[in-house]
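Structural description and commentary
Residue-level listing of the chains:
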Amino acid sequence: MKTEVLDRPLQTKKEVLQSISVDRKRTNLLNVQEQSALAWLVQRIPLWVTSDMLTAVGLFGSLVVGASFILAFYLSKYFLILGFPGFIISWFGDSLDGRLAYYRQRPRKLYGFTLDITVDWMSIIAIGCGFIVYVRGMWDMLGYGFVVLYGWEMLIALMRYRITGKYSIDSGKFGPTEARILISAFMILEVILPGSIIYSAGAAVVVLFVINVVDTHRLLQLADKMDKKGC
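These lines cover the structure that appears in this document, whether it is placed above or below.

1. A few points about the overall build of the protein
Counting its regular elements, the protein contains eight helices and zero strands. Each helix and strand of the protein, placed in order from N terminus to C terminus, yields the pattern α-α-α-α-α-α-α-α. The buried share of the protein, taken over its 231 residues, is 44%. A sequence separation of at least 24 residues applies to 78% of the contacts in the protein between residues at least 6 apart.

2. As for the environment of T164
Tracing the backbone through its elements, the reader meets T164 in helix α6 (residues 141–164). Looking at T164, the relative accessible area reads 34%, which means it is partly exposed. For the pair T164 and L222, spaced 58 residues apart in the sequence, the C-alpha separation amounts to 8.9 Å. Of the polar contacts made by the side chain of T164, one reaches the backbone oxygen of R160; its length is 2.6 Å.

3. Considering the pattern of salt bridges
In the structure shown here, the tally under the stated rule is four salt bridges. One salt bridge connects D94 with R180, and the closest N-O pair in it is separated by 3.0 Å. Placement of D94 in helix α4 (residues 83–103) and of R180 in helix α7 (residues 176–192) is noted, with a sequence separation of 86 residues between them. Overall, the relative accessible area of 13% leaves R180 in the buried class.

4. Focus on the layout of surface pockets
Taken as a whole, the second largest pocket encloses approximately 410 Å³ of empty space. Around the second largest pocket sit 16 residues that line it, and R160, S168, D170, G172 and D215 are the ones nearest its centre. Of all the elements, helix α8 (residues 196–229) adds the most residues to the lining of the second largest pocket, at six residues. Its residues assigned to classes, the lining of the second largest pocket comprises five nonpolar, five polar and six charged.

5. Considerations on the environment of L158
Within the fold, L158 resides in helix α6. You can call L158 partly exposed: its relative accessible area is 28%. In this structure, the C-alpha to C-alpha distance between L158 and I169, residues 11 residues apart in sequence, is 9.1 Å. The contact partners of L158, leaving out residues within four places of it in the chain, are F113 and I117.

6. Describing the packing of aromatic side chains
Within this structure, the stated rule accounts for six aromatic pairs. The interplanar angle of 50° and the centroid separation of 6.0 Å between the aromatic rings of F69 and Y134 together place this pair among those described as tilted. Residue F69 is found in helix α3 (residues 51–74), and its partner Y134 is found in helix α5 (residues 109–135); the two are separated by 65 residues along the sequence. The exposure class assigned to F69 is buried, which follows from its relative accessible area of 2%. A ring pair is formed by F73 and Y74, whose centres lie 4.9 Å apart and whose planes are at 85°; its orientation type is edge-to-face. Classification of F73 as partly exposed rests on a relative accessible area of 35%.

7. Looking at α5
With 27 residues, α5 ought to run about 39 Å at 1.5 Å a step, and its terminal C-alpha atoms sit 39 Å apart, in line with that. Of the residues flanking the end of α5, it is R136, one or two places downstream, whose phi is positive at about 60°.

About the criteria used
Residues numbered from 1 in each chain as written. Predicted model: local features only at pLDDT ≥ 70, side-chain atom pairs only at ≥ 80, totals over all residues. Heavy atoms only, no water. Helix = DSSP H or I, 4+ residues; strand = E, 2+ residues; numbered from the N terminus. Buried < 20%, exposed > 50% of the residue type's maximum accessible area, 1.4 Å probe, protein only. Contact = heavy atoms within 4.5 Å. Polar contact = N/O pair within 3.5 Å; in protein donor to acceptor, adjacent residues only side chain to side chain. Salt bridge = Lys/Arg side-chain N within 4 Å of Asp/Glu carboxyl O. 1 Å grid on protein atoms, 1.4 Å probe; cavity = no way out; pocket = protein on both sides within 12 Å on 5 of 7 lines; lining within 4 Å. Points joined across faces, edges and corners; volume = space filled by probe spheres on them. Nonpolar A, V, L, I, M, F, W, Y, C, P; charged D, E, K, R; others polar. Phe/Tyr/Trp six-rings, centres within 6.5 Å; stacked < 30°, edge-to-face > 60°. Expected span 1.5 Å × (residues − 1).

That's the geometry; what it means functionally is another story.
And the structure:
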């Protein structure tokens, strides 16, 4: 398959990394490995593949994760294993769509930003709804809590962007990639130890709540300082 060829091709790894990270700063634990993988992938994506296609691929991956919960409830718990490849597909599309646009020197910042936020929200709803179907009973509130708290995290990212002018999707060393790995581990553990996902999901919701409270407090402090300085 034909791959993308630029008028001024980016040959070195350093140049590629610079081109795909101009609009955001990553601080997550797997940042170095993830960016290296993305730098390798963007150079090998076929020419006919567009950023919008990759966004759709990412959404499809999230739908696979949501569907794996539903299939596990109605058919067999082993369908939860589908969550792992689903998250890989989600990571591939979601991580590469914007990076590919920057690598090809055709970014659509406002369009891409709007589409990315919208699709991320749809993805979280799909996964949360799948979890709610699988768990049922009073524990399905964990699914609602996850959706609400992740939505709060998205608002924090937008507020951080408004206050600092820098868009970051990470909360310290924890980002979407780490979240995907963690949830995948929870789903596989559920196959081995049925019922364990209630406890792991509960712990995740508590941790996410604490992270959101801390991040919001820091943003409020920063916003207050900037207001006092007349920024």
